Amino acid sequence: MDEIWQDQLLTRLKQTGELGSETVSYILEKGVKMHFRQYSKSTGARWFLFHQISLNSRYYSVETSLNDPKLLSLLVHEVHHLKQGPRVAFSVYGELDAWQVEYRFYKSIKPGRLHPALEELLRLPLTYDKEVLRHVVNLMQAYAGKGYHADWLPLRPLGFYRSQPKSA
C-alpha cells in the first residue's frame with residue numbers, strides 16, 4: 001500500500017471525531033499494516049492476526065477518495081475486530097459488535113437511512129442470546145449476500161460458558 005496515501009487516509013480518519021482518532025491511535029500504536037487484495041464481492045475488508053488489515057481491491061485502491069464513508073467505516077470495523085481479539089472476533093457476537101460500531105460510525109459521518117437490514121442490526125441488543133444471534137446472521141446475509149459466511153462462525157465467542165447470564 002502506498003505510504004503517502006495511507007498517511008493521508010489516517011489523517012482523514014482522525015478528523016472524523018473521537019472514534020476515528022481512537023482507531024488511528026490503535027493503528028499507529030500497534031503498527032497495523034494495511035494492504036489491498038482481491039476477495040469475493042461480499043467482502044469489503046478483512047483483518048488478520050498479527051495486526052494486519054486487507055482492503056478488497058475490487059472496491060478500494062489508492063485512487064479511492066479519502067472521504068469515502070464506507071472506506072473509513074470499514075477501517076473502524078476491522079480495527080474493532082483487532083481490539084476484540086480472535087476469541088470474540090471469530091463469532092457472530094463479535095461480528096454484531098463490529099457491524100454496530102461500523103454503521104453507527106458511518107451514520108455519524110454520513111447521516112441518513114441505511115439498508116433496512118442494517119437499520120435493524122443497529123436496533124438489536126448486543127447479547128449472547130442464540131435466537132438474536134441467529135437472526136443477526138440472516139440480517140447480515142440479507143445485506144451482504146449469501147457469500148458472506150457469518151453462518152460459518154460460532155454464535156458466541158469461543159470459551160463462552162453457560163453459567164454466564166442469559167441477558168449478558
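Placed above this text is the structure.
Description of the structure in this document. (Residues numbered from 1 in each chain as written. Predicted model: local features only at pLDDT ≥ 70, side-chain atom pairs only at ≥ 80, totals over all residues. Heavy atoms only, no water.)

**Considerations on the overall build of the protein**
Point 1. Looking only at helices and strands, the protein features 7 helices and 3 strands.
Point 2. Over its C-alpha atoms the protein spans a radius of gyration of 16 Å, differing by no more than 12% from the 15 Å that the globule rule assigns to 168 residues.
Point 3. Taken over the C-alpha atoms alone, the protein extends approximately 50 × 30 × 30 Å along its principal axes.
Point 4. Of all 168 residues assigned to the protein, the portion counted as buried reaches 46%.
Point 5. Of the contacts made within the protein by residues no fewer than 6 positions apart, 54% connect residues no fewer than 24 positions apart. (Helix = DSSP H or I, 4+ residues; strand = E, 2+ residues; numbered from the N terminus. Rg over C-alpha atoms; globule rule 2.2 N^0.38 Å. Buried < 20%, exposed > 50% of the residue type's maximum accessible area, 1.4 Å probe, protein only. Contact = heavy atoms within 4.5 Å.)

**As for the nonpolar core**
Looking at soluble globular proteins, one finds that nonpolar side chains tend to be buried together.
Point 1. With 24 residues, the main nonpolar core has Leu 13, Ile 53, Leu 55 and Leu 75 as its most contacted residues.
Point 2. At 7 residues, the largest contribution of residues to this core is made by helix H3 (residues 69–84).
Point 3. Counting 23 residues, the second largest nonpolar core, distinct from the first, contains Tyr 106, Leu 118, Ala 150 and Phe 160. (Core = buried A, V, L, I, M, F, W, Y, C linked by side-chain atoms within 4.5 Å.)

**Describing the pairing of strand S2 (residues 45–48)**
Point 1. Of the two faces of S2, only one is covered, namely that formed by Ala 45 and Trp 47; the face formed by Arg 46 and Phe 48 stays uncovered.
Point 2. The pairing of S2 with strand S3 (residues 52–56) spans 4 bridges and is classified as antiparallel. Paired with Arg 46 across the two strands is Ser 54, which belongs to S3.
Point 3. With antiparallel pairing between neighbouring strands as the criterion, S2 and S3 make up a hairpin whose turn holds 3 residues, including Phe 50 at a positive phi of roughly 65°. (Pairing = 2+ DSSP bridges.)

**Observations regarding the packing of helix H6 (residues 116–123) against helix H7 (residues 130–144)**
Geometry of a packed helix pair, given as the angle between the helix axes and the separation of the axes.
Point 1. Interaxial distance between H6 and H7 falls to 8 Å at its minimum, and their mutual angle equals 150°. One way to sum up the angle between H6 and H7 is to call them roughly antiparallel. The two elements H6 and H7 cross, and the hand of that crossing is left-handed. Only His 135, Val 136, Leu 139, Met 140, Ala 142 and Tyr 143 of H7 make contact with H6, whose side of the interface consists of Ala 117, Leu 118, Glu 120 and Leu 121. (Axes fitted to C-alpha atoms, helices over the stretch in contact; angles between N-to-C directions. Parallel < 35°, antiparallel > 145°, perpendicular 65-115°, else oblique. Left-handed = near helix turned anticlockwise from the far one by under 90°.)

**What about the packing of aromatic side chains?**
Point 1. For the structure on display, the rule yields 9 aromatic pairs.
Point 2. Considering the side-chain rings of Tyr 59 and Tyr 60, the 6.3 Å spacing of their centres and the 70° angle between planes classify their relative orientation as edge-to-face.
Point 3. Overall, Tyr 59 belongs to the partly exposed group, its relative accessible area being 39%. (Phe/Tyr/Trp six-rings, centres within 6.5 Å; stacked < 30°, edge-to-face > 60°.)

**A look at unusual backbone geometry**
Point 1. Positive phi values are uncommon outside glycine, yet Phe 50 reaches one of about 65°.
Point 2. Tracing the sequence through the fold places Phe 50 in the loop between S2 and S3.
Point 3. Positive phi outside glycine occurs at His 51, with the angle close to 60°.

**Remarks on the pattern of salt bridges**
Point 1. On inspection of all chains with the given rule, the structure shows 4 salt bridges.
Point 2. Measuring nitrogen to oxygen at the nearest pair gives 2.9 Å for the salt bridge that ties Lys 107 to Glu 119. Within this pair, whereas Lys 107 is found in helix H5 (residues 92–109), its partner Glu 119 is found in helix H6, the two being separated by 12 residues in sequence.
Point 3. With a closest N to O distance of 2.6 Å, Glu 131 and Arg 134 form a salt bridge. Taken as a pair, Glu 131 and Arg 134 lie in helix H7 at a separation of 3 residues, close to a single helical turn.
Point 4. A relative accessible area of 39% places Arg 134 in the partly exposed class.
Point 5. A single salt-bridge network, built from bridges that share partners, covers Lys 107, Arg 113 and Glu 119. (Salt bridge = Lys/Arg side-chain N within 4 Å of Asp/Glu carboxyl O.)

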